[in-house]
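Overview (structure and organization)
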Amino acid sequence: MTTGTKRILVTGGSGFLGSHLCERLLSGGHEVLCVDNFYTGRKANIIHLMENPYFEVMRHDICFPLYVEVDEIYNLACPASPVHYQFDPVQTTKTSVHGSINMLGLAKRLKAKILLASTSEVYGDPTVHPQPESYWGNVNTIGLRSCYDEGKRCAETLFFDYHRQHGLKIKVARIFNTYGPRMLPNDGRVVSNFIVQALKGEDITVYGDGSQTRSFCFVDDMVDGLVRLMNTTDDFTGPVNIGNPGEFSILELAERVIELTGSNSGLSFKPLPSDDPRQRKPDISVARKVLGWEPSMDLGRGLEKTIGYFRKIV
Ligand code: NAD
Ligand code: UDP
């Protein structure tokens, strides 16, 4: 191994975010082991990396123990779209809880640094706006989103207990809505749904009255934030919000997508799913201060890049 080269495990590495992260780590000169059970991930996302001798793929479900030798672990495995994580809710919670226990156990044996891809969903339907890391959240324990929200909250607890009890070097990222190329066309999340519908000339499905808000971060910015977090000094654990503070209503997003695709799609209003958060916007002062990070891609340019990707595959 050359100096500075690390062996890095990315769980969920064939998914949307994971595949971009693998690419970025390889281009930084590292060896990457992508572990994925291909639940929502696809070989197509990583096929272009397969020729690289420093890239390795292992089909494995992290709910089961894993014995490999690495220096760092990015734990991203977990379906992220409400449609997918609600399809098999018990498996979703298992992935966050059993999966985290297995990956933390691995990190403990290896004395490796480990990062958790947590989520803004730990804030639930927030009563504080924008959301700082100090906010404890407003989460339903028994609703349709709970398998994901509570799974990630428990994963955060496990990370901090392994840190306190076993001295593990942990990093917890709270990721806000992220979009970009390689989202699945049937992913179910709002950006991919709207773009695919607009490109097909179908009605755009707005849930509720579309006044609920989200803050959308382009994938390259997100990956940059995650890598910066992993490279912080050992005393910094997070949690840290990583997301774009630009806040848009879902109706505004629909209008932007229609405008940028030049589509003549109309809007079709559907019932709001239960427990759908009313508003979401990250307070990123910690990321700015500690990671020296802030997003550089505005929504318009990010959507253009994402639309370009979907034009090729839809
Ligand atoms: P994704 O569904 O595209 O990727 C998840 C990957 O994990 C897939 O490749 C899937 O096959 C794999 N996976 C799922 N369960 C697994 C298991 N038990 N064992 C091994 N692999 C498994 O989702 P994404 O958007 O790339 O999200 C990646 C991570 O980031 C997730 O942990 C998600 O919770 C978190 N996150 C994402 C967003 C976002 O907006 N994209 C927001 C908040 C948090
Ligand atoms: N949404 C929508 N139409 C869709 C998909 C989603 O109006 O076709 C709404 C959804 O109800 C939510 C927001 O868009 O208010 C973001 O949904 P997404 O599933 O992308 O992520 P969430 O932040 O809810 O996990």
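The preceding data block contains the structure.
A brief report on the enclosed structure follows. Sequence order as written defines the numbering, with residues in each chain counted from 1. Here the convention is simple: chains get letters from A, ligands get numbers from 1, in the order in which they are written. The model is predicted, so local features are restricted to residues of pLDDT at least 70 and side-chain atom pairs to those at 80 or more, both for listing and for counting; the totals for chains, interfaces and linings are taken over all residues. The basis for the side-chain values is all heavy atoms of the structure; hydrogens and waters are excluded.

Salt bridges are identified by distance alone: a Lys or Arg side-chain nitrogen within 4 Å of an Asp or Glu carboxyl oxygen. Scanning the model with the defined rule gives 17 salt bridges in all. Across the salt bridge formed by Arg182 and Glu23, the nearest N and O atoms sit 2.6 Å from each other. Highlighted residues: Arg182 in the loop between strand E7 (178-179) and helix H5 (190-200) and Glu23 in helix H1 (residues 16-27), separated in sequence by 159 residues. With a relative accessible area of 13%, Arg182 lands in the buried category. Three labels apply to residues, based on accessible area from a 1.4 Å probe with only protein chains included: buried if under 20% of the type maximum, exposed if over 50%, partly exposed otherwise in between. Given the relative accessible area of 29%, Glu23 is considered partly exposed. Among the ionic pairs, Asp224 bridges to Arg24, the shortest N-O distance being 3.4 Å. Here Asp224, found in helix H6 (residues 219-230), pairs with Arg24, found in helix H1; they are 200 residues apart in sequence, far enough to count as distant. Linked by salt bridges that have partners in common, Glu121, Arg145, Arg214, Asp276 and Arg280 make up one network. Secondary structure follows DSSP: runs of H or I at least 4 residues long count as helices, runs of E at least 2 residues long count as strands, and numbering of each begins at the N terminus.

By size, the foremost hydrophobic cluster in this structure holds 56 residues, and its most contacted members are Tyr74, Ile242 and Leu303. No other element matches the seven residues that H6 contributes to this core. Here, nonpolar core refers to any group of buried Ala, Val, Leu, Ile, Met, Phe, Trp, Tyr and Cys residues whose side-chain atoms link them within 4.5 Å. With 26 residues, the next largest nonpolar core counts Val35, Leu104, Leu116 and Leu168 among its residues.

Turning to the packing of H5 against helix H9 (residues 299-313), a few remarks are in order. H9 packs onto H5 with a crossing angle of 60° between their chain directions and a minimal axis gap of 10 Å. When the axes of H5 and H9 are compared, the pair comes out oblique. Handedness of the H5/H9 crossing: right-handed. Between H5 and H9, the residues in contact are Val191, Ser192, Ile195, Val196 and Leu199 and Leu303, Thr306, Ile307, Phe310 and Arg311, respectively. A fitted line through C-alpha atoms serves as each axis, taken over the contacting stretch for helices, and the angle formed by two N-to-C directions is quoted from 0 to 180°. Note that the term roughly parallel is reserved for angles under 35 degrees, roughly antiparallel for angles over 145, roughly perpendicular for angles of 65 to 115, and oblique for everything else. By the definition used in this description, the sense in which the near helix is turned from the far one sets the handedness, with an anticlockwise turn below a right angle giving left-handed and a clockwise turn giving right-handed. Only heavy atoms enter the contact rule, under which two residues are in contact if any of them lie within 4.5 Å.

Glancing now at the sheet that holds strand E5 (residues 113-119). In this description, strands pair whenever DSSP reports at least two bridges between them. One open sheet holds the seven strands; their spatial order is E3-E2-E1-E4-E5-E6-E11, and the pairing between them is parallel. Because the sheet does not close on itself, it has two edges, and the strands there are strand E3 (55-59) and strand E11 (240-242). Neighbouring strand axes in the sheet, compared pairwise and without regard to direction, differ in orientation by 20° on average. Here strand E1 (residues 7-11) pairs with strand E4 (residues 72-75) via four bridges, running parallel. Its bridge partner lying in E4, Thr11 is registered against Asn75. Packing against the sheet, helix H4 (residues 146-166) makes contact with E5 and strand E6 (170-175), and its axis sits at approximately 155° to E5. Taken strand by strand, H6 contacts E4, E5, E6 and E11, and its axis lies near 160° from that of E6.

Attention now moves to H4. Expected span of a helix: the number of residues minus one, times 1.5 Å. In a regular helix each residue adds 1.5 Å, so 21 residues correspond to 30 Å; H4 covers 28 Å between its end C-alpha atoms and thus fits that length. By the burial criterion, the buried members of H4 are Ser146, Cys147, Tyr148, Asp149, Gly151, Lys152, Ala155, Glu156, Leu158, Phe159, Phe160 and Tyr162. Along its buried surface, H4 packs onto helix H2 (82-85), helix H3 (89-110), E5 and E6. Following H4 by one or two positions, Gly167 adopts a phi angle in the positive range, close to 70°.

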